[in-house]
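Results of the structural survey
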Amino acid sequence: MIDLASPLTFKNKFLIFGGGFSGEYFAKSIRKFGCIALTSSRSSKNNPNSFVFNSENNLIPENSIFEGVTHILSCIPPDKDGRDPVLKSLGNKIKNLSLKWVGYLSTTGVYGNTYGDWVSEKDEPNPFQERSQRRLNCEKEWINSKLPIQIFRLPGIYGPGRSTLEAIMSRKIKVIHKENQVFSRIHVADIANAIIYLLQNKNHLNFHQIINIADDEPCSQIEVIKYGYQLLGLKMPKIILFEEAKKDLSPIAQSFWIENRRVSNKLLCEKLGYKLIYKNFKAGLNNCFVSI
Ligand SMILES: NC(=O)c1ccc[n+]([C@@H]2O[C@H](COP(=O)([O-])OP(=O)(O)OC[C@H]3O[C@@H](n4cnc5c(N)ncnc54)[C@H](OP(=O)(O)O)[C@@H]3O)[C@@H](O)[C@H]2O)c1
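Notes on the structure in this doc start here.

Conventions adopted
- Residues numbered from 1 in each chain as written.
- Predicted model: local features only at pLDDT ≥ 70, side-chain atom pairs only at ≥ 80, totals over all residues.
- Heavy atoms only, no water.
- Axes fitted to C-alpha atoms, helices over the stretch in contact; angles between N-to-C directions.
- Helix = DSSP H or I, 4+ residues; strand = E, 2+ residues; numbered from the N terminus.
- Parallel < 35°, antiparallel > 145°, perpendicular 65-115°, else oblique.
- Left-handed = near helix turned anticlockwise from the far one by under 90°.
- Contact = heavy atoms within 4.5 Å.
- Core = buried A, V, L, I, M, F, W, Y, C linked by side-chain atoms within 4.5 Å.
- Buried < 20%, exposed > 50% of the residue type's maximum accessible area, 1.4 Å probe, protein only.
- Nonpolar A, V, L, I, M, F, W, Y, C, P; charged D, E, K, R; others polar.
- Near = heavy atom within 4 Å.
- Polar contact = N/O pair within 3.5 Å; in protein donor to acceptor, adjacent residues only side chain to side chain.
- Areas by Shrake-Rupley, 256 points an atom, 1.4 Å probe, with all protein chains shown as cover.
- Expected span 1.5 Å × (residues − 1).

**A few points about the packing of helix α1 (residues 21-31) against helix α6 (residues 188-200)**
α6 packs onto α1 with a crossing angle of 50 degrees between their chain directions and a minimal axis gap of 9 Å. Considering the angle they form, α1 stands oblique to α6. Handedness of the crossing formed by α1 with α6: right-handed. Within the contact between the two elements, α1 uses Phe 21, Ser 22, Tyr 25, Phe 26, Ser 29 and Ile 30 and α6 uses Val 188, Ala 189, Ile 191, Ala 192, Ile 195 and Ile 196.

**Some words on the nonpolar core**
Membership of the largest hydrophobic core comes to 31 residues, with the highest contact counts inside it found for Phe 14, Phe 26, Phe 152 and Ile 195. It is α6 that contributes the most residues to this core, eight residues altogether. Setting aside anything within four residues of it in sequence, one finds Phe 152 in contact with Trp 101, Gly 103, Tyr 104, Leu 105, Ser 106, Ile 195, Leu 198, Ile 211 and Ile 213.

**Remarks on the environment of Phe 21**
Mapped onto the fold, Phe 21 is located in helix α1. Overall, the relative accessible area of 24% leaves Phe 21 in the partly exposed class. Counting along the chain gives 216 residues from Phe 21 to Pro 237, while the straight-line C-alpha distance between them is 29 Å. Excluding residues within four positions of it along the chain, Phe 21 makes contact with Ile 157, Tyr 158, Gly 159, Pro 160, Arg 162 and Val 188.

**Describing the packing of helix α7 (residues 221-232) against helix α11 (residues 281-290)**
Viewed as axis vectors pointing N to C, α7 and α11 meet at an angle of 35 degrees, and their least axial separation amounts to 11 Å. The handedness of the crossing between α7 and α11 is right-handed. Residue-level contacts link Glu 223, Val 224, Tyr 227, Gly 228, Leu 231 and Leu 232 of α7 to Phe 281, Lys 282, Leu 285, Asn 286 and Phe 289 of α11. Classifying every residue of the contact of α7 with α11 by side-chain character gives seven nonpolar, two polar and two charged.

**Observations regarding the site of the ligand**
Around the ligand lies a shell of 23 residues, among which Phe 21, Ser 22, Arg 42, Arg 135 and Arg 162 are the nearest. Take Gly 19: an N or O atom from its main chain is 3.1 Å from an oxygen atom of the ligand. Taking Pro 77, its main chain carries an N or O atom lying 3.4 Å from an oxygen atom of the ligand. Relative to its unbound accessible area of 900 Å², the ligand is 78% covered by the protein chains. Residue contributions to the shell around the ligand peak at three residues, all from strand β5 (residues 101-107).

**Points about α7**
The end-to-end C-alpha separation of α7 is 17 Å, in line with the 16 Å expected for twelve residues at 1.5 Å each. Of all the positions in α7, only Ile 222, Val 224, Ile 225, Tyr 227, Gly 228, Tyr 229, Leu 231 and Leu 232 are classed as buried. On its buried face, α7 sits against α5 (164-169), β9 (176-177), β10 (185-187) and α11. Phi turns positive, to about 70 degrees, at Gly 233, one or two residues after α7.

So, in structure tokens, the structure goes:
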């Protein structure tokens, strides 16, 4: 993965808006290349690499945070009106910076329901849920911003500390099965690594504005849960069929079962040559297991 002519050096300063699960992982990964990486959170932390940003009460970072910034990655979901929190609060500010690159973490929810078929970047978005419509709106805002934007569409994100294993251990999991239903997934390390791979090889790879980052093997939820119980050496409770389980699910939990799609990673992994660290949920969960 190391490109000797890599454009990533200590001269690069990344601002990562939304230092949550993926944002923090990306920050740690990019620092290994000598880059400066600051992450935002809504409340102040006792950490020199963290700054406060909250679009809801207009808590804006001070000017010094923006000094020397070359790259931005936004990991913040849309606001309730479907506006992008970073562009809404800081759009004018960041448009005046000399940015080499801006990344935006979006979701594959924008593709809507494909009834189990594969979906790629070539397919027109067809959001079914309101939250996916809001997301598509944010993607459009970023594209229209004229910033050097690259959008990453992500399926279910998991990784050490946030996986089926934690859900099993905290007894938050429901063992639900729905015939022919699959989900796509991505390990958080592959999100960070894929973005870094694209940045490192920016000068000789064709630029694509929208890229899916997903693993190779979409599969049913029950396969993942079974494997989780197996890794933990615990007995899996009885399987509940979705039709029976749905009356006890919250509207948001139900909504995840409404759409059924397989997300293609061919652009990233075949055309652009990225090699996944975790090709499927088994490899990914094995990694989560050793981190428990
Ligand atoms: N989780 C998934 O499975 C999944 C799948 C596909 C796409 N995505 C999307 O990918 C992105 C990263 O996901 P993630 O799971 O890593 O995110 P996450 O852990 O939920 O972190 C979200 C971050 O956004 C910040 N944030 C939220 N609202 C904000 C606001 N109004 N103003 C300022 N900051 C705000 C949070 O601040 P605090 O740190 O203060 O909480 C947090 O740092 C998100 O946009 C998410 O919706 C997630």
